[in-house]
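Structural overview
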Amino acid sequence: MMNSMSVPSKRSTLERKLDKLILTLFGGLFFMCLIGAIGSGVFINRKYYYLGLFEDVEQQFNPSNRFVVSILTMFTLITLYSTIIPISLYVSIEMIKFIQCAQFINKDLRMYHAETNTPALARTSNLNEELGQVEYIFSDKTGTLTRNLMEFFKCSIGGVSYGVGITEIERGQAQREGRALNEIQKSDTVVYEKGFNFDDDRIMRGAWRNERDPEIFKEFFRCLALCHTVLPEGDESPEKIVYQAASPDEAALVTAAKHFGFFFYRRTPTTVQLRESHVEKMGNIQDVSYEILNVLEFNSTRKRQSVVCRYPNGRLVLYCKGADNVIYERLAGTNQDIKRLTREHLEQFGSSGLRTLCLAYRDLTIDTYENWNEKFVQAKSSLRDREKKLDEVAEMIEKDLILIGSTAIEDKLQEGVPDCIDTLSRAGIKIWVLTGDKMETAINIAYACNLINNDMKQLIITSETDAIREAEEKGDPVEISRVIRDSVSHDLKRCLEEAQQDLHIFGQKLALVIDGKCLMYALDPSFRVDLLKLSLNCSSVVCCRVSPLQKAQVTSLVKKGARRITLSIGDGANDVSMIQAAHVGVGISGLEGMQAVMASDFAIAQFRFLKDLLLVHGRWSYIRLCKVITYFFYKNLTFTLTQFWFTFHTGFSGQRFYDDWFQSLYNVIFTALPVIILGLFDKDVSASLAKKYPQLYKEGIRNTYFKWAVVGVWAFFAFYQSLIFYYFTTTASENGHNSSGKIFGLWDVSTMAFTCVVITVNLRLLMACNSITRWHHLSISGSILAWFVFIFIYSGVMTPNDRQENVYFTIYVLMSTFYFYLTLLLVPIVALFGDFLYLGLQRWFFPYNYQIVQEIHRDEVDSISRTEFLEIGNHLTPDEARSYAIAQLPREKSKHTGFAFDSPGYESFFASQAGVYVPQKAWDVARRASVRSSKRTSQR
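Because the structure is predicted, anything quoted here is derived from the model rather than measured. Starting from 1, residues in each chain are numbered consecutively following that chain's sequence as written. The predicted nature of this model means local features are confined to residues of pLDDT at least 70 and side-chain atom pairs, given and counted, to a pLDDT of 80 or more, with totals for whole chains, interfaces and linings taken over all residues. Hydrogen atoms and water are omitted, and side-chain values are computed over all heavy atoms in the structure.

**Concerning the overall build of the protein**
Comment: elements are numbered from the N terminus, with helices defined as DSSP H or I runs of at least four residues and strands as E runs of at least two. Across its full length, the protein holds 33 helices and 20 strands. When accessible area is computed with a 1.4 Å probe and restricted to protein chains, residues below 20% of their type maximum are described as buried, those above 50% as exposed, and intermediate ones as partly exposed. Buried residues in the protein amount to 56% of all 940 residues. Expressed as a percentage of contacts within the protein between residues at least 6 apart in sequence, the contacts between residues at least 24 apart total 74%. Split by element, the accessible area of the protein, about 41,700 Å² in all, is 56% carbon and sulfur. The contact criterion used is simple: two residues touch if any of their non-hydrogen atoms lie within 4.5 Å. The protein chains shown are the only cover counted for residues, whose accessible areas, like all others here, come from Shrake-Rupley with a 1.4 Å probe.

Here it is, written out as structure tokens:
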């Protein structure tokens, strides 16, 4: 709760830029209306006697009051030119985004985790395109990069290290350094259980009784078995009992205590019962009940947990476990050798990528405990600042501790994490790891997952220096703060100078490593600018020993200070503030509950799915929406400018060029569906090529497709085409006659011009598409056909007595002339010739990266049969469908994404656009068989 933030309302960067474009269009609308209003005031004059501008004329056309004429004309033109504002654009965008989430992201099999039965989940549709522009990723480690399956692996007891296993981080280190590891053969009697992967004959099966100091082993094992909040479930036997813990770490520690002979099997509100074996005599088993008097719970500020318990013989003991830096600050001045040896072991464990905890205890007298317990009860019953008071009371008893030892827990990397990070790095995305682990652990995890490599220079800012340790030993908080502050200031300046030299002179990649204490001072306003400059020059950043609030502060530093698009990903409640602080929050559906998922914008089951989420879906969404917005801008500007040119021929009177129904239905029917199809199905490269060439993603980071220069090009061609539409049709039709010998009137010319506009803007959409499917053809031809059907009906049902007599029989008159067909052929060709020439020159001389990839793979044919993809059927259970999908779907060879999970009525429509064959009737086995046989025959 201390690190929580108010839930933000997120809008994508593209939407904010769209707002600026809309404001620009409002400015253009005002400018056009201003020109018309001034022109109206200047033009109006009684010398044009044929207009009948005499004494009884309306105020809008009264030459005696030109100012009123201009003002009223201004309002008329605002209504007339209002089509330049794409009101339906927002509706279309929301529809496109929703379908992208519901049908593409949520149903992509490549982001489905079969082991946990977890698909990807888009929890909002506001940020689809933001996924295609992410430049910085902030990631938690535990449960995000790692599996969060904790296993007790090693330990240090009384200054002696135990455990003979080798971690995958150690193997990675050895491989990186080119040295061989001597694998120690595990004993035949080694015990393996979920949460326990420890092997050492010196202390297993009661052998610890033969060590130098058996009493310290008892304290160590009892601390593991007593200091926790785990609940046992099931039969009270070591083989069948199940531990329900708040975190996998706690369950692993209690499981370890069980295997060491201290079996925790029952808990009541006031007692913990252990079944202890080999304590007094080898083979002896006794049940012991310990009274739990107080529990001082763990939180992200305390970083430790304690219990006060009473032995059956009346002994009062405080057991405490927590982070090494927290425990060492509270140790008594004795046992220096154990402190030194345990610290060395902690560094070794951290270098092996293990998560460490220190264990300590303190014997309490009855008077000491009773005096403290009174204060504890008062703090616990307080209604104001309860948490703060409890922490203050805990500080009073958690001191003068005696160090017992430390534990080391292994949490292995998730599958595919190194490859995913490497691919994202090549895509131009910088990845920061924010973790609460020790520096050595964080660095080695970074090496293991390709975040840091040997070619990078490491810049380390740490509080583990001699000067800071000396200040901490003196215990003066003011002096400690001053020393750390000076050290951070010096290190930031030193690292910044080195970064500028190495990066700009030698071109070497940099990696910054900073711990939580130093980060706390580096985030101070006086140092924040230097920290930001240094961080932005680094390819990778690792922040260790950080609190949840610091994670959010670092994310906000880059988001607001550098104005870069950020993504945060985590799996636990301690990542919620970081997820909310970023532009895009991604939650991992892991083992620590659903807090991160509930606070996120997108949820996935594994870190490696980020590759598909960003490089495929994010990039496609960004490119598609950029095209939708710029095309909407183009078609509305083209349509409105034709009306604007007509204003100059009407004395700026506000006479409309098009019929009201034409103007109303232009965006709703005649040009609506093709742009939605563009936003759903346009695909510049396939999914496999997008991941094969991650550098394509950099175009989104640079916002290549929605710059003002791109908008300017579309505006230029809209201006050019509007001139063609208006002046070609009006000038060329001056001498045109219909079949009865009459010249073309206003509504004949405007209907002809509107027909050219509808045909041209729809054909221009085809030129903007990278992939054209039958849905593009159907939508475009359907929109053009809808116009002709409408005008036929609209012209036929009107009679000369109706108010809309201006369009009476217009289309029938036009279609009886050869001129009409010649115009429909020539005007779109002339209008689109400029676009065709520009696109050809651009692709030839200034190609985008995706166009180069298209040329490289233009002759490749997708050899994968469509029948190899998942066929969704109502006769299959969800589990059978997923199993079939995992078995049949090619993960790397396919150029398309697949879809799964039940969605009756949509699968054929959407899956076919992604290359997935889905029959209309899933139970039609004969049809599927015939398709397979015909496919094989054609391939032969």
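**Here's the deal with the pairing of strand 19 (residues 584-588)**
Along strand 19, five of the five residues are buried, which leaves the element largely enclosed by surrounding structure. Here strand 19 shows no split at all, with Val584, Val586 and Ile588 on one side and Gly585 and Gly587 on the other all buried. Looking at chain direction, strand 18 (residues 566-570) and strand 19 are connected through four bridges and run parallel. Residue leucine 567 lies in a different strand from strand 19, and its bridge partner there is valine 584. Between strand 18 and its parallel partner strand 19, the chain crosses via helix 18 (residues 576-581), and the hand of that crossover is right-handed. Criterion used throughout: strands pair if DSSP finds at least two bridges between them. Taken together, the three bridges between strand 19 and strand 20 (residues 602-604) define a ladder with parallel strand orientation. Counterpart to glycine 587 in the pairing with strand 20 is alanine 603. Orient the strands so they point away from the viewer, and a crossover whose first-strand-to-second-strand path over the helix runs clockwise is right-handed.

**Observations concerning the nonpolar core**
The biggest cluster of nonpolar side chains holds 93 residues, and the ones touching the most others in it are Tyr81, Val628, Ile629, Tyr658, Phe662, Phe754 and Trp787. Among the elements that line this core, the one with the most residues is helix 20 (residues 610-648), at 18 residues. Look past the residues within four positions of phenylalanine 754 in its chain and what remains in contact with it is Phe639, Tyr658, Phe662, Tyr666, Phe670 and Trp787. Throughout, nonpolar core names a set of buried Ala, Val, Leu, Ile, Met, Phe, Trp, Tyr and Cys residues whose side chains join them through atoms within 4.5 Å. Within the second largest apolar cluster, 70 residues are counted, among which are Ile203, Leu274, Leu318 and Ile404.

**Some details on the environment of glutamate 498**
Inspection of the secondary structure puts glutamate 498 in helix 14 (residues 477-506). For glutamate 498, a relative accessible area of 22% corresponds to the partly exposed category. Expressed as a C-alpha distance, the spacing of glutamate 498 and leucine 510, which sit 12 residues apart in the sequence, is 9.6 Å.

**Examining the pattern of salt bridges**
Should a side-chain nitrogen of Lys or Arg be within 4 Å of a carboxyl oxygen of Asp or Glu, the pair is scored as a salt bridge. In total, this model carries 50 salt bridges according to the counting rule given. One salt bridge in this structure joins glutamate 193 and lysine 258, with 3.0 Å as the shortest N-O distance. Residue glutamate 193 is located in the loop between helix 4 (168-177) and helix 5 (214-226), and its partner lysine 258 is located in helix 6 (residues 248-259); the two are separated by 65 residues in the primary sequence. In this structure glutamate 193 comes out as partly exposed when scored by relative accessible area, which is 25%. Judged by relative accessible area, which is 8%, lysine 258 ranks as buried. With a shortest N-O distance of 3.3 Å, glutamate 498 and lysine 457 are connected by a salt bridge. Placement of the pair is glutamate 498 in helix 14 and lysine 457 in strand 15 (residues 457-461), with a sequence separation of 41 residues. Through salt bridges with shared partners, a single network forms among Arg302, Arg304, Glu329, Arg330, Glu395, Glu398 and Lys517.

**Observations concerning the sheet that holds strand 14 (residues 430-434)**
Across the sheet, which stays open at both edges, the nine strands sit in the order 1-20-19-18-2-14-17-16-15 with mixed pairing between neighbours. In this open sheet, the two edge strands, each paired with only one partner strand, are strand 1 (121-122) and strand 15. Sheet topology places strand 16 (residues 510-515) next to strand 17 (residues 540-544); five bridges connect them, and they run parallel. The residue of strand 17 that forms the bridge with isoleucine 514 is cysteine 543. The axes are straight lines fitted to the C-alpha atoms, using for helices just the contacting stretch, and the angles between their N-to-C directions are given from 0 to 180°. Sheet contacts for helix 12 (residues 439-448): strand 15, strand 16 and strand 17; angle to strand 15, the most-contacted strand, approximately 160°.

**Details of the pairing of strand 14**
Of all the five residues making up strand 14, four are buried; the element is thus mostly covered by neighbouring parts of the structure. As paired strands, strand 2 (residues 136-139) and strand 14 are joined by four bridges and run parallel to one another. In the sheet register, isoleucine 137 faces strand 14, and the bridge partner there is isoleucine 431. Pairing of strand 14 with strand 17, which is carried by four bridges, proceeds in the parallel orientation. Within the sheet, the bridge partner assigned to leucine 434 lies in strand 17 and is cysteine 543.

**Observations concerning helix 3 (residues 87-105)**
To estimate the expected span of a helix, count its residues, drop one, and scale the result by 1.5 Å. With 19 residues, helix 3 ought to run about 27 Å at 1.5 Å a step, and its terminal C-alpha atoms sit 27 Å apart, in line with that. Residues of helix 3 that are buried include every one of Leu89, Ser92, Ile93, Ile96, Lys97, Ile99, Gln100, Cys101, Gln103, Phe104 and Ile105, and no others.

**Here we look at the sheet that holds strand 9 (residues 285-296)**
Taking strand neighbours across the sheet as the criterion, the nine strands line up as 4-3-13-12-11-10-9-8-7 in an open arrangement whose pairing is antiparallel. The open sheet terminates on both sides in strands that have one partner only, identified here as strand 4 (160-162) and strand 7 (262-267). Going across the sheet, the axis of each strand differs from the next one's by a mean of 30°, ignoring polarity. In terms of strand pairing, strand 9 meets strand 10 (residues 304-310) through five bridges, oriented antiparallel. Bridge assignment links leucine 296 to a residue of strand 10, and that residue is serine 306.

**Considering the packing of aromatic side chains**
Two rings from Phe, Tyr or Trp (for Trp, the six-membered ring) form a pair when their centres sit within 6.5 Å of each other. Planes less than 30 degrees apart are called stacked, planes more than 60 degrees apart edge-to-face, and all others tilted. Applying the stated rule across the entire model yields 57 aromatic pairs. Taken together, a centroid distance of 5.5 Å and an interplanar angle of 80° make the contact between phenylalanine 198 and phenylalanine 260 edge-to-face. With phenylalanine 198 in the loop between helix 4 and helix 5 and phenylalanine 260 in the loop between helix 6 and strand 7, this pair connects stretches of sequence that are 62 residues apart. Residue phenylalanine 198 shares its accessibility class with phenylalanine 260, and that shared class is buried. Note on geometry: a ring has a charge over it if NZ (lysine) or CZ (arginine) is within 6 Å of the ring centre and within 35 degrees of the ring normal. Positioned over the ring face of tyrosine 265 is arginine 275, at 4.4 Å from the centre of the ring.

**Describing the side chain of threonine 435**
Along the chain, threonine 435 falls in the loop between strand 14 and helix 12. Pairs of N or O atoms are called polar contacts if they sit within 3.5 Å, as long as, within protein, a hydrogen donor faces a hydrogen acceptor (for residues adjacent in sequence, only side-chain-to-side-chain pairs). For threonine 435, the side chain forms a polar contact with the main-chain nitrogen of aspartate 437, separated by 3.2 Å. With residues near it in sequence (within four places) discarded, threonine 435 still touches Lys141, Ala442, Cys543, Cys544, Arg545 and Val546.

**Some thoughts on the layout of surface pockets**
Of the voids in this model, the second largest pocket is the one considered here, and its volume is about 1,700 Å³. In terms of lining, the second largest pocket is formed by 50 residues, of which the most central are Asn325, Val326, Glu329, Glu472 and Lys517. Counting only elements with at least two residues in the lining of the second largest pocket, the list comes to helix 7 (324-328), helix 8 (336-351), helix 10 (386-397), helix 12, helix 13 (466-474), helix 14, helix 15 (516-522) and helix 17 (548-561). Ranked by residues supplied to the lining of the second largest pocket, first place goes to helix 8 with six residues. A pocket, in this scheme, is an open set of points on a 1 Å grid over the protein atoms alone with protein on both sides within 12 Å along at least 5 of 7 lines, while a cavity is a set where a 1.4 Å probe fits but cannot get out; residues line either one if an atom lies within 4 Å of a point. Grid points are joined across faces, edges and corners, and a volume is the space filled by probe spheres set on the points.

**Here's the deal with a positive patch on the surface**
Patch members must show over 30% relative accessible area and no salt bridge, and they are joined within 9 Å when carrying like charges or within 5 Å when they are nonpolar side chains of Val, Leu, Ile, Met, Phe, Trp or Tyr. In this tally, Asp and Glu contribute negative charge and Lys and Arg positive charge; neither His nor the terminal groups of the chain are included. Think of each charge as sitting on NZ of Lys, CZ of Arg, CG of Asp or CD of Glu. Residues Lys509, Lys698, Arg702 and Lys707 make up a contiguous surface patch of positive charge. Assignment of secondary structure puts lysine 509 in the loop between helix 14 and strand 16.

**Side note on a nonpolar patch on the surface**
A cluster of nonpolar side chains, namely Phe833, Leu837, Leu841, Trp844, Phe845 and Phe846, defines an oily patch on the protein surface of about 770 Å² accessible area. Mapped onto the elements, leucine 841 comes out in helix 29 (residues 818-845).

**Focus: the packing of helix 8 against helix 12**
Relative to each other, helix 8 and helix 12 sit at 20°, their axes nearing to 7 Å. In this view, helix 8 runs roughly parallel relative to helix 12, as classed from their interaxial angle. Relative to helix 12, the crossing made by helix 8 is right-handed. Residues Glu347, Gly350 and Ser351 of helix 8 form the contact with helix 12, whose participating residues are Glu440, Thr441 and Asn444. Amino acid classes used here: Ala, Val, Leu, Ile, Met, Phe, Trp, Tyr, Cys and Pro are nonpolar; Asp, Glu, Lys and Arg are charged; the rest, including Gly, are polar. Along the lines of polarity and charge, the residues of the contact of helix 8 with helix 12 split into no nonpolar, four polar and two charged. For classification, angles of less than 35 degrees are called roughly parallel, those exceeding 145 degrees roughly antiparallel, those between 65 and 115 degrees roughly perpendicular, and all remaining angles oblique. Each crossing is labelled by how the near helix is turned from the far one, with a counterclockwise turn of less than a right angle marking it left-handed and a clockwise turn marking it right-handed.

**What to know about helix 25 (residues 708-732)**
Over its 25 residues, helix 25 extends 35 Å from the first C-alpha to the last, a length consistent with the 36 Å expected when each residue adds 1.5 Å. Structurally, helix 25 contributes buried residues whose contacts are with helix 1 (13-43), helix 20, helix 26 (746-768) and helix 29.

**Here's the deal with the environment of serine 539**
Topologically, serine 539 is positioned in the loop between helix 16 (525-536) and strand 17. Separated by 87 residues in sequence, serine 539 and isoleucine 452 have C-alpha atoms that sit 8.8 Å apart. Excluding residues within four positions of it along the chain, serine 539 makes contact with Lys430, Ile431, Met456, Lys509 and Leu510.

So yeah, pure geometry; function would need other evidence.
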